[in-house]
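A look at the structure
What follows is the residue order along each chain.
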Amino acid sequence: MIKIIFINILRRVRFAPSPTGPLHIGGLRTALFNYLFAKKTGGSFILRIEDTDKKREVAGAEKYIVDALSWCGIFPDESPATKSAFGPYRQSERNHIYSKEIKKLVESGRAYYAFDSEEELASCRKECEKRGETFIYNYQSRLALKNSLSMSKGEVADLLKKGRRHVVRFLVPKDKNVKTVDIIRGESNINSSLLDDKILMKANGTPTYHFANVVDDHLMKITHVIRGEEWLPSLALHFLLYEAFGWKKPSFAHLPLILNPNGKGKLSKRGGEKGGFPLFPIRWEGETSQKGFKEHGILPAGLVNYLTTLGWSPKEDSEALSLEELTEMFQLKSVVSAGANFDLEKLKWYNHKHIQEASNEFLVDELQALNISQQKIERKRLTEAIGMVKERADTVSELWGLLEYLFLDPKEYDEKSMKKIKKDGLNKICSEIISLCKNTDDPGGFIDSLKVWGGDNGFSTGQIMMTTRTILVGGLIGIDLQKIISFIGLEVVSKRTMVFSKKAYLTIF
Ligand code: GLU
C-alpha cells in the first residue's frame, strides 16, 4: 500500500512597518491578514521593524505599533522583544548582515559601485529634460556615468581606498521578461529594460528598503510576503534580486487598497475627518494628541472583525466573529484585488454585535477607561446598568449617554417631550406618584398600579407613561419604564417627581 504523507510546511510571515508614525488602519489590516494566515496553520507571525531611514523615524512609533497590535490581540511570535536565531528584528541592528550580502552581489557582478555625485546626476536629469526625455540610470546610461562598470578596476580600487562617497546599484539585466506571480492578482509580465538600476546600499553605508527587505525575507525564511498594494510596482525588482542571489522566492500577495468612504482615492486623513472617524487604532501622542478607534468607543474585536471584511469576506451573512473564528476561516486566496471603501456604519454594526457578546464587567472597564463621566459610581451598579442598556449601543462611548439617567437626576426637560405632555391633571399625576412611592411596598408593580389609578381617574395610559418618563429621564427616551423605576428606587422616583413639579411649572409651562 502506498502511503501519502502530507507535510505541512510551516508558514512564516512578517509584518514589516517602518516606524515613521502611528500605525495606520491600512497597516493594521496588513498585520491582521498576515497573522490570520500564519495562525491558521500554526505558523509564525514576525514583526520586523524597517528602520533603515533614520531621517524619517518618529520617536515612539515602534512602541505604538506594538501597543496597537496587542490591543487587537495580535502578539508576534518573533519581534524585537524576542530572541531567536533569525534576529535581530530591527533593520538598523542588521547592518553587518547587509554589508556581507551586498559584497556577494558585487563580487558576482550583479551589483556595482556608483560614484556619481548628486550634482552630476541632477545635471544629467536636466540634460535629458531639455531633450524631452526622462533620465534613467540603466543599461542605456550606466556606461556614460561614474561607476565600476565604466571605470577601470584600478580607478575603482583607488576611489574606494580614498573613501570616496559611493552607492551600490543593482545591475538590472537588459531586455529580460520578468514574470511575476501574485496569489491575489495572478501572473504579470514586465520587461526589465523599463526598470532602473536601483540603489541597494546608500552612501552612508545603510541599505535601501528593497535590498534590506529581500535579504531579511530570505534570511528570516519568510514563506509568504503579504503586504499592501502600494508595493506591487516593486515586485519585479524583488524577483530580480532573488534571482541575482540565486535564492528561492517566497510567495507574494498584495492586499487591495482601503479607499475613502466615497470610493475616491486611498483612505486619507481628509477622508477620515470628513467621515468623522480616526485613522489609527489607539490614541497617538505625537506633536498633537490624536484619538484612535479605541477612544471613539470601538472594541478591538469589532475593529478586527470589520477589517477582515476589507478585501475578504468571512461569510455570506456575516456575524460577530472572534479573532479565533476568523483565523479558522481565513483564506488568502479568496482575498479580492479591488479596493474596499471604508464604511463607518458597517464598522459600528460589527462593534454593536461585539458589544452584545462582551461581558458587562469588561464593558465597565472599557467605559471607565474612556473617562467620559467624572461620576463615582459603584461598580456593581454600573455593571448592572450596562447590561440593561447595551443592546442600544453601537460604541462604548454611547453607553454613558444611554445609562446616565439611571444615576443622575435630569438637569433639564426636553422641550419636545414637554409639549407632548398634557398640562391638565399634571399636578394630580405628580401627587399620585409621590404618594404611591410612600405607600407601596412593591416597586416592581409601580407602573401597573399607576396605570390602574390613571384609568380610574380619566388619564390615558399614554399620558401616564409619557409624564412619568419625562419626570424620571428628562425626555421621551430610555429603556422600559418599570425597569428604570426598579433600578433607581422609589426614593429617587419621589425626589425627581417633586423637583419636576416645581421646575416644570416655573420654567416650562
Ligand atoms: N517597510 C515597508 C512598509 O513600511 C514594508 C513593505 C513590505 O512589507 O515589504 O510598508
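As a starting point, this report considers the structure included with it. On a predicted model such as this, the values are computed, not experimentally measured, just so you know.

1. Notes on the overall build of the chain
- For the chain, the helix and strand inventory stands at 20 helices and 13 strands.
- Here the C-alpha atoms of the chain give a radius of gyration of 33 Å, more than 25% beyond the 23 Å that 2.2 N^0.38 yields for 509 residues.
- With the C-alpha coordinates of the chain rotated into their principal frame, the extents come out at 110 × 75 × 40 Å.
- Per-residue burial over the chain gives 47% buried out of 509 residues.
- Nonlocal contacts in the chain, meaning residues at least 24 apart in sequence, comprise 73% of its contacts between residues at least 6 apart.
- Of the roughly 26000 Å² of accessible surface on the chain, 52% is carried by carbon and sulfur atoms.
- Of the side-chain charges in the chain, 75 are positive and 64 negative, and the distance between the mean point of each set is 4 Å.

2. Details of the site of the ligand
- In the neighbourhood of the ligand, the contacting residues comprise R14, A16, S18, E50, Y209, N213, R227 and W231.
- Between the ligand and Y209 there is a distance of 2.7 Å, counted from an oxygen atom to a side-chain nitrogen or oxygen.
- With respect to the ligand, the side chain of R227 contributes an N or O atom lying 3.0 Å from an oxygen atom.
- Here the ligand loses 83% of its free accessible area of 290 Å² to cover by the protein chains.
- Here the residues of the shell around the ligand sort into three nonpolar, two polar and three charged.

3. A short note on helix 2 (residues 61-71)
- Those residues of helix 2 not exposed but buried are A61, Y64, I65, A68, L69 and W71. Axial view of helix 2: buried residues confined to an arc of 160 degrees, hence all on one face.
- Looking at the residues trailing helix 2, positive phi occurs at G73, about 85 degrees.

4. Topic: the environment of K264
- Mapping K264 onto the fold places it in the loop between strand 10 (258-259) and helix 8 (269-275).
- Classification of K264 as exposed rests on a relative accessible area of 63%.
- In this structure, the C-alpha to C-alpha distance between K264 and A31, residues 233 residues apart in sequence, is 24 Å.

5. Re the pairing of strand 3 (residues 111-114)
- Of the two faces of strand 3, both are covered, the one formed by A111 and Y113 as well as the one formed by Y112 and A114.
- For strand 3 and strand 4 (residues 167-170), the ladder comprises four bridges, and the chain directions are antiparallel. Its bridge partner lying in strand 4, Y112 is registered against R169.

6. Comments concerning the sheet that holds strand 4
- Taken in spatial order, the three strands of this open sheet run 3-4-7, and their pairing is antiparallel. With partners counted over all chains shown, the strands left at the sheet margins are strand 3 and strand 7 (199-201), one partner each. Each strand of the sheet is rotated relative to its neighbour by a mean of 45 degrees, with strand direction disregarded.
- Along the sheet face, helix 3 (residues 95-107) touches strand 3, strand 4 and strand 7 and points at about 130 degrees away from the line of strand 7.

7. Looking at the packing of aromatic side chains
- Across all of its chains, the model carries 19 aromatic pairs by this definition.
- Between F239 and F252 the ring centres are 5.6 Å apart and the planes differ by 40 degrees, which places this aromatic pair in the tilted class. Of the two residues, F239 is situated in helix 7 (residues 235-245) and F252 in strand 9 (residues 251-255); the sequence distance between them amounts to 13 residues.
- Residue classification places F239 among the buried residues on the basis of a relative accessible area of 6%.
- Judged by relative accessible area, F252 falls into the buried class, the value being 3%.
- Taken together, the ring pairs in this structure connect F277, F293, Y306, F342, W349 and Y350 into an aromatic cluster.
- For R11, the ring lying beneath its charged end belongs to F37, and the centroid distance is 4.0 Å.
- A cation over a ring is seen here: R381 above F487, with NZ or CZ 3.8 Å from the ring centre.

8. Describing the packing of helix 3 against helix 7
- The N-to-C vectors of helix 3 and helix 7 enclose an angle of 80 degrees; their axes lie 10 Å apart at closest approach. Relative to helix 7, helix 3 is oriented roughly perpendicular. Touching E101, K104 and L105 of helix 3 are L241, A244 and F245, all from helix 7.
- Residue classes in the contact of helix 3 with helix 7 are distributed as four nonpolar, no polar and two charged.

9. Describing the nonpolar core
- In this structure, L69, L303 and F342 are the most contacted members of the largest nonpolar core, which totals 53 residues.
- Mapped onto this core, the elements with two or more residues apiece are strand 1 (12-15), helix 1 (25-40), strand 2 (44-47), helix 2, strand 9, helix 9 (300-308), helix 10 (323-329) and helix 11 (344-357).
- Among the elements that line this core, the one with the most residues is helix 1, at nine residues.
- Excluding residues within four positions of it along the chain, L69 makes contact with F15, L23, L28, A31, L47 and I74.

10. Points about helix 9
- With eight of nine residues buried, helix 9 lies mostly within the body of the structure.
- Restricting attention to buried positions, one finds in helix 9 the residues P300, G302, L303, V304, N305, Y306, L307 and T308.

11. Observations regarding the packing of helix 9 against helix 11
- Relative orientation of the contacting elements helix 9 and helix 11 amounts to 135 degrees, with a least axis distance of 8 Å. The orientation of helix 9 with respect to helix 11, classified from their angle, is oblique. Every pair of crossing elements has a handedness; the one defined by helix 9 and helix 11 is right-handed. Packed against helix 9, whose contacting residues are A301, G302, L303, N305 and Y306, the element helix 11 presents K346, L347, Y350, N351 and H354 at the interface.
- Along the lines of polarity and charge, the residues of the contact of helix 9 with helix 11 split into five nonpolar, four polar and one charged.

12. Concerning the pattern of salt bridges
- Applying the stated criterion across every chain yields a total of 29 salt bridges.
- D51 is the partner of K54 in a salt bridge, and the nearest nitrogen-oxygen pair spans 3.3 Å.
- Take D51: its relative accessible area is 4%, and that puts it in the buried class.
- Residues R90 and E93 are paired through a salt bridge, measuring 2.7 Å at the closest nitrogen-oxygen approach.
- When its relative accessible area of 24% is taken as the criterion, R90 is described as partly exposed.
- Linked through salt bridges whose partners overlap, the residues forming this network are R14, R48, E50, R94, D216 and D217.

Basis of the calculations
Residues numbered from 1 in each chain as written. Predicted model: local features only at pLDDT ≥ 70, side-chain atom pairs only at ≥ 80, totals over all residues. Heavy atoms only, no water. Helix = DSSP H or I, 4+ residues; strand = E, 2+ residues; numbered from the N terminus. Rg over C-alpha atoms; globule rule 2.2 N^0.38 Å. Buried < 20%, exposed > 50% of the residue type's maximum accessible area, 1.4 Å probe, protein only. Contact = heavy atoms within 4.5 Å. Areas by Shrake-Rupley, 256 points an atom, 1.4 Å probe, with all protein chains shown as cover. Lys, Arg positive; Asp, Glu negative; His and termini not counted. Charge placed at Lys NZ, Arg CZ, Asp CG, Glu CD. Near = heavy atom within 4 Å. Polar contact = N/O pair within 3.5 Å; in protein donor to acceptor, adjacent residues only side chain to side chain. Nonpolar A, V, L, I, M, F, W, Y, C, P; charged D, E, K, R; others polar. Arc of directions from axis to C-beta. Pairing = 2+ DSSP bridges. Axes fitted to C-alpha atoms, helices over the stretch in contact; angles between N-to-C directions. Phe/Tyr/Trp six-rings, centres within 6.5 Å; stacked < 30°, edge-to-face > 60°. Lys NZ or Arg CZ within 6 Å of the ring centre and 35° of its normal. Parallel < 35°, antiparallel > 145°, perpendicular 65-115°, else oblique. Core = buried A, V, L, I, M, F, W, Y, C linked by side-chain atoms within 4.5 Å. Left-handed = near helix turned anticlockwise from the far one by under 90°. Salt bridge = Lys/Arg side-chain N within 4 Å of Asp/Glu carboxyl O.

None of this, on its own, says anything about what the molecule does.
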